[in-house]
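What follows is the residue order along each chain.
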Amino acid sequence: MNEMVDEIMLSCQEELEKAINHQKNEYMVIRAGRANPHILDKVSIDYYGVPTPIKNMASITVPEARMLVISVWDASQVKNVSKAIAMADLGVTPNDDGKVIRLTFPILTEERRREIVKTVKKIAEETKITARGARRDALSMLKDLQKEGTLSEDMLASLEDDVQKLIDDAIVKIEENCKLKEKEIMDV
């Protein structure tokens, strides 16, 4: 019985950690007015028939606060990488001179910053929904154990409190991540 309870609690905790990590990864690719190489993480190029992330075929540097320089190792692929970045709709236009690709990030307007903050809040809300789903699943499994007679009502109530504490802690982390990203975006 204890093994099953431990497994349910561990599963719930893992789901929450996955959700929070996903939130952080989503925030990494959101542009905050500064050059961030992670913005290119989701862009891949068809490299000899294999979809390849840019970071696996080029070095990405940040020479200035609002500029990325991408040095593609295979010079024949510079145009393809440039085209893939343009098609990814990142809000920046790639400039390539045949050797390197430069991405210059414009200064964000107040209106654009507010739009980005809305996206950040939406991601936080989706993460909270995932956390609530993990709670629902854990509580459902615990109630099933109680119906089978494996758990007493008192034990179930205690475990429900433990699950709720895990959820509350996760929601605090989700809110903190959201506030940090919001502050980063709104700082001019």
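Preceding this section is the structure that the text describes.
Thresholds applied
- Residue numbering note: each chain is counted from 1, following its sequence as written.
- Local features are withheld for residues below a pLDDT of 70 in this predicted model, meaning they are given only at 70 or higher, and side-chain atom pairs are given and counted only at 80 or more; totals for whole chains, interfaces and linings count all residues.
- To get the side-chain values, all heavy atoms of the structure are used, and hydrogens and water are removed first.
- Numbering of helices and strands runs from the N terminus, with a helix taken as a DSSP run of H or I at least four residues long and a strand as a DSSP run of E at least two residues long.
- What the globule rule says is 2.2 Å times the number of residues to the power 0.38, and the radius of gyration is computed from C-alpha atoms.
- Throughout, exposure labels follow a simple rule: accessible area from a 1.4 Å probe, protein chains only, divided by the maximum for the residue type, with under 20% read as buried, over 50% as exposed, and the rest as partly exposed.
- When checking whether two residues touch, look at their non-hydrogen atoms; a contact exists if any pair is within 4.5 Å.
- Only the protein chains shown count as cover for residues, and the accessible areas themselves come from Shrake-Rupley with a 1.4 Å probe.
- When charges are counted, neither His nor the chain ends are considered; positive counts come from Lys and Arg and negative counts from Asp and Glu.
- To locate a charge, take NZ of a lysine, CZ of an arginine, CG of an aspartate or CD of a glutamate.
- Two strands pair if DSSP finds at least two bridges between them.
- Only the stretch in contact is used when a helix axis is fitted, and all axes are lines through C-alpha atoms; the angle between N-to-C directions ranges over 0 to 180 degrees.

Asker: I'm lost on the overall build of the protein chain in this one. Help?
Answerer: A tally of regular secondary structure across the protein chain gives four helices and six strands. Mapped in sequence order, the helices and strands of the protein chain form the string α-β-β-β-β-α-β-β-α-α. Relative to the globule expectation of 16 Å for 188 residues, the C-alpha radius of gyration of the protein chain, 22 Å, shows a markedly less compact shape. Overall size of the protein chain, expressed as C-alpha extent along the three principal axes, is 70 × 40 × 20 Å. The 188 residues of the protein chain split such that 37% are buried. Pairs at least 24 apart in sequence give 63% of the contacts found in the protein chain among residues at least 6 apart. When the accessible surface of the protein chain is split by element, carbon and sulfur atoms take 51% of a total near 11,300 Å². Measuring between centres, the 28 positive side-chain charges of the protein chain sit 10 Å from its 34 negative side-chain charges.

Asker: Teacher, can you tell me more about the sheet that holds strand E6 (residues 100–104) here?
Answerer: The strand order across the open sheet formed by four strands is E3-E4-E6-E5, and the pairing between neighbours is antiparallel. One side of each edge strand has no neighbouring strand; the edge strands of this open sheet are strand E3 (58–64) and strand E5 (94–96). Here the average twist between neighbouring strands, direction ignored, is 25 degrees. Bridge count between E3 and strand E4 (residues 67–72): five bridges; the pairing is antiparallel. Looking at the pairing, Ala 58 lines up with Val 72 of E4. On the sheet, helix H2 (residues 78–87) packs against E4, E5 and E6 and is oriented at approximately 165 degrees with respect to E5.

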